[in-house]
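Take a look at the letters that make up each chain.
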Amino acid sequence: MSIHLKIASDFVCPYCYVLEAMIGQLRPELEIEIEYLPFELTEPPKPRVDTYNDPERRKRYAEELEPLCRQVGLNMCLPPNVVPRPYTRLAFQGLYFAREQGLEEAYCYRIFRAYFEEERDIGDLEELASLAAEAGLDQTAFRGALESGRWADEEQEAVRHAKEDLKIQVVPTAFLGENRLEGGAQSVQELKDWLLAHAAE
């Protein structure tokens, strides 16, 4: 059974990375294809936030996320020591370049891991170009596409569509047909049950 899953997410959302890991654990059983829907938590020119020095966020992550990370084998920095938290507009423009090359999922996974496990600044063009190369993309062509703004309009329209047309309030939000799963799942089994329940519809 092939499942085409659309996921609205942001590269700086730890719950989105947990969902990625859960999907990874299900891949030996289910054929899952992901299409990413850009959702910028902080759109320029709104000021970037300091998640690293936020005690309330740290407490919430410890209570909600650390058990999920243990469950799926993620060694995440909660939150990463990248201050302030990066804008993700360029990273999402890179997603379109990767999609064109058939490496969307590899690219997205690399960006998530770089930020949450390696504490790399995924808002920096040179960092992104380096990560794109590690995901199998041509580094020079990738940098050139982002510098030229080739995907800028499409990416910003996608964010607008997610927020205004799809009325997404929380990330991750997964779509399977007309069904949506908001906020991810609390376990791999819960995610599997949801996918199987709606895959045949």
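Everything in this summary refers to the structure shown in the same document.

Examining the packing of aromatic side chains
Taken as a whole and assessed by the stated rule, the structure comprises 11 aromatic pairs. Relative to W151, the ring of Y96 lies with its centre 5.9 Å away and its plane at 20°, an arrangement referred to as stacked. In this pair, Y96 is assigned in helix 3 (residues 89–100) and W151 in the loop between helix 6 (139–148) and helix 7 (152–165), connecting sequence segments 55 residues apart. On the accessibility criterion, Y96 (6% relative accessible area) is buried. Look at W151 and you get buried, because its relative accessible area is 12%. Taking 5.8 Å as the distance between ring centres and 50° as the angle between the ring planes, the aromatic pair formed by Y107 and F142 counts as tilted. Linking Y107 in helix 4 (residues 104–116) with F142 in helix 6, this pair joins segments that are 35 residues apart in sequence. Across the pair, F142 and Y107 agree in class, each one buried. Site record: aromatic cluster; members linked through ring pairs are F11, Y17, F92, F97, Y107, Y109, F112, Y115, F116 and F142. The ring of Y87 carries R48 above its face, with NZ or CZ at 5.5 Å from the centroid.

Quick look at helix 1 (residues 14–26)
Relative to the 18 Å expected for 13 residues at 1.5 Å per residue, helix 1 spans 19 Å between its end C-alpha atoms, a close match to the ideal helical length. Across the 13 residues that make up helix 1, a large majority, 10, are buried. Taken together, the buried positions of helix 1 are occupied by P14, C16, Y17, V18, L19, E20, A21, M22, I23 and L26. Contacts from the buried residues of helix 1 go to strand 1 (2–9), strand 2 (31–38), helix 2 (55–72), helix 4 and helix 8 (188–199).

A closer look at the side chain of K192
Looking at where K192 falls in the secondary structure, it is placed in helix 8. Take K192: its relative accessible area is 18%, and that puts it in the buried class. In contact with K192, other than residues within four places in its own chain, are L26, E29 and L30.

What counts and what doesn't
Residues numbered from 1 in each chain as written. Predicted model: local features only at pLDDT ≥ 70, side-chain atom pairs only at ≥ 80, totals over all residues. Heavy atoms only, no water. Phe/Tyr/Trp six-rings, centres within 6.5 Å; stacked < 30°, edge-to-face > 60°. Helix = DSSP H or I, 4+ residues; strand = E, 2+ residues; numbered from the N terminus. Buried < 20%, exposed > 50% of the residue type's maximum accessible area, 1.4 Å probe, protein only. Lys NZ or Arg CZ within 6 Å of the ring centre and 35° of its normal. Expected span 1.5 Å × (residues − 1). Contact = heavy atoms within 4.5 Å.

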